[in-house]
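# Analysis of the macromolecular model
Here's the letter readout for the chains.
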Amino acid sequence: MYTTAILICGIGFTYASVPLYRMFCQTTGFSGTPITNSSKFGPERLVPAKESRRIRVHFNADTSLALDWSFIPQQREVYVLPGETALAFYTAKNKSDQDIIGLATYNVTPNKAGQYFNKIQCFCFEEQKLQAGEAVDMPVFFFIDPEFPEDPSMRDVDTITLSYTFFKAKYDNNGTLIPVPTL
Amino acid sequence: MSFGRPPNISTFKPTPPEKGSFPLDHEGECKQFVKEYLECLKKNQGNNGNCRHLSKTYLKCRMDKGLMTPEEMNNLGFQDDEIRRTEEK
């Protein structure tokens, strides 16, 4: 009797562990799962914290050697308050004579501040195709989380650097987008 | 994840943006607003507070031209923008 009950519980738990694990991963971002919890971006959190000091956000841009684009930030830095949404621009120009697909990734330093850097919309992770000789503005719309000033380990953080790197990508014979390694 | 790496509590994980990627403005339809915003930033030494109204007009331009899914300005952090602008001054 007890064995049957334990057996049924065990099987039930095994079945339940799949959605439970998925929920756990999505809330904590364990093992690199993207956190798509949109309550972080609710309008009540996008209020500038006027009593806070302004944080300097510095912009950096890099391209892979295989990518013949010029990619530069249009402003060296902006000073933002936590909770204040800000817009920043990068300009990319395809200097070659062929259409090229680029794929961008980004990094935030110092590492510990990365968790407070929230991007509403940008141009990373999705392919961006530039025709030969084309130049285009690429905006980044972001804000520093309003909980930033409450974290004691962030007290010494006055500058956050946002660094974008563009890589070259192309479609292979199967129609999959693959990165082109640096030659 | 690799085992045996030195303990580093502050690893950075790139996360996707909330609203995804901006479609590229190939025709430069909103380029005028970009210029205005960047000039404002230069004049204010990068102080974002004084130039937010211009970023609002830029995003509005994108929404009008179909380069951005329409969104309430409140959800993008532009509540009481007028009041704040006069306070900053």
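Quick notes on the rules
Residues numbered from 1 in each chain as written. Chains lettered and ligands numbered in written order. Predicted model: local features only at pLDDT ≥ 70, side-chain atom pairs only at ≥ 80, totals over all residues. Heavy atoms only, no water. Helix = DSSP H or I, 4+ residues; strand = E, 2+ residues; numbered from the N terminus. Buried < 20%, exposed > 50% of the residue type's maximum accessible area, 1.4 Å probe, protein only. Contact = heavy atoms within 4.5 Å. Areas by Shrake-Rupley, 256 points an atom, 1.4 Å probe, with all protein chains shown as cover. UniProt positions renumbered as here; feature names shortened; annotations may be inferred. Pairing = 2+ DSSP bridges. Axes fitted to C-alpha atoms, helices over the stretch in contact; angles between N-to-C directions. Core = buried A, V, L, I, M, F, W, Y, C linked by side-chain atoms within 4.5 Å. Polar contact = N/O pair within 3.5 Å; in protein donor to acceptor, adjacent residues only side chain to side chain. Salt bridge = Lys/Arg side-chain N within 4 Å of Asp/Glu carboxyl O. Nonpolar A, V, L, I, M, F, W, Y, C, P; charged D, E, K, R; others polar. Domains from an automatic or database assignment. Parallel < 35°, antiparallel > 145°, perpendicular 65-115°, else oblique. Left-handed = near helix turned anticlockwise from the far one by under 90°.

### Focus on the overall build of chain B
- Regarding its fold elements, chain B presents three helices and zero strands.
- Its helices and strands in sequence order give chain B the pattern α-α-α, from N to C terminus.
- Residues counted as buried form 38% of the 89 residues belonging to chain B.
- The contacts of chain B with a sequence gap of at least 6 include a subset with a gap of at least 24, amounting to 51%.
- When the accessible surface of chain B is totalled, it reaches about 5400 Å², and 53% of it is carbon and sulfur.

### Comments concerning the UniProt feature "domain: CHCH" (unreviewed entry) in chain B
- Mapped onto this structure's residue numbering, the UniProt feature "domain: CHCH" (unreviewed entry) falls at residues 30–63 of chain B.
- As annotated, residues 30–63 of chain B comprises 74% helix and 0% strand, and the C-alpha atoms at either end are separated by 10 Å.

### Some words on the sheet that holds strand 8 (residues 135–144) of chain A
- Read from one edge to the other, the open sheet built from four strands follows the order 2-4-8-6 (chain A), with strand pairing classed as antiparallel. Every other strand in the sheet has two partners, leaving strand 2 (69–73) and strand 6 (117–121) of chain A as the edge strands with one partner each. Along the sheet, successive strands turn relative to each other by an average axial angle of 30°, direction set aside.
- Pairing geometry for strand 4 (residues 86–94) of chain A and strand 8 of chain A, over eight bridges, is antiparallel. Counterpart to Ala92(A) in the pairing with strand 8 of chain A is Val136(A).
- Together, strand 4 and strand 8 of chain A form the strand contacts of helix 1 (residues 31–43) of chain B, whose direction differs from that of strand 4 of chain A by roughly 120°.

### Here's the deal with the nonpolar core
- If you look at the biggest cluster of nonpolar residues, it comprises 62 residues, and the most contacted ones within it are Tyr90(A), Tyr164(A) and Leu59(B).
- Here this core gets seven residues from one element, more than from any other, and that element is strand 8 of chain A.

### A look at the side chain of Ser163(A)
Residue and element names in this part refer to chain A.
- For Ser-163, the position within the fold is in strand 9 (residues 159–171).
- The buried category is assigned to Ser-163, whose relative accessible area is 13%.
- One polar contact links Ser-163 to Asn-60, side chain to side chain, over a distance of 3.0 Å.
- If near-sequence neighbours (up to four positions away) are discounted, Ser-163 is found in contact with Asn-60, Asp-62, Thr-105, Tyr-106 and Asn-107.

### Points about the interface of chain B and chain A
- Contact residues are listed per partner, giving 41 residues for chain B and 46 residues for chain A.
- On the surface where chain B and chain A come into contact, there are one salt bridge.
- For Asp137(A), the salt bridge identified is with Lys31(B), shortest N-O distance 3.2 Å.
- Along the contact surface separating chain B from chain A lie 17 residue pairs in polar contact (both at pLDDT 80 or more).
- Taken together, the residues that form the side of chain B that touches chain A break down as 16 nonpolar, 15 polar and 10 charged.

### Things to note about the domain arrangement of chain A
- Each assigned domain of chain A is listed with its residue range as follows: domain 1 (1–35) and domain 2 (45–179).
- Distance between the C-alpha centres of domain 1 of chain A and domain 2 of chain A: 36 Å.

### Section: the packing of helix 1 of chain B against helix 2 (residues 52–64) of chain B
Residue and element names in this part refer to chain B.
- The contact between helix 1 and helix 2 brings their axes to 9 Å, and the two run at 165°. On the basis of their axis angle, the class for helix 1 and helix 2 is roughly antiparallel. The interaxial crossing formed by helix 1 with helix 2 has left-handed handedness. Seen from helix 1, the contacting residues are Phe-33, Val-34, Glu-36, Tyr-37 and Cys-40; seen from helix 2, they are Leu-54, Ser-55, Thr-57, Tyr-58 and Cys-61.
- Residues of the contact of helix 1 with helix 2, tallied by class, amount to seven nonpolar, two polar and one charged.

### A look at the pattern of salt bridges
Residue and element names in this part refer to chain A.
- All told, the structure shown has eight salt bridges over all chains when counted by the stated rule.
- The salt bridge partner of Arg-53 is Asp-158, with a shortest N-O separation of 2.8 Å. Of this pair, Arg-53 sits in the loop between helix 1 (2–28) and strand 1 (55–63) while Asp-158 sits in the loop between strand 8 and strand 9, and the two are 105 residues apart along the sequence.
- With a closest N to O distance of 3.1 Å, Lys-112 and Asp-156 form a salt bridge. On the criterion of sequence distance, the pair formed by Lys-112 in the loop between strand 5 (100–109) and strand 6 and Asp-156 in the loop between strand 8 and strand 9 is long-range, its members being 44 residues apart.
- Taking relative accessible area as the criterion, Lys-112 reaches 27% and is therefore assigned partly exposed.

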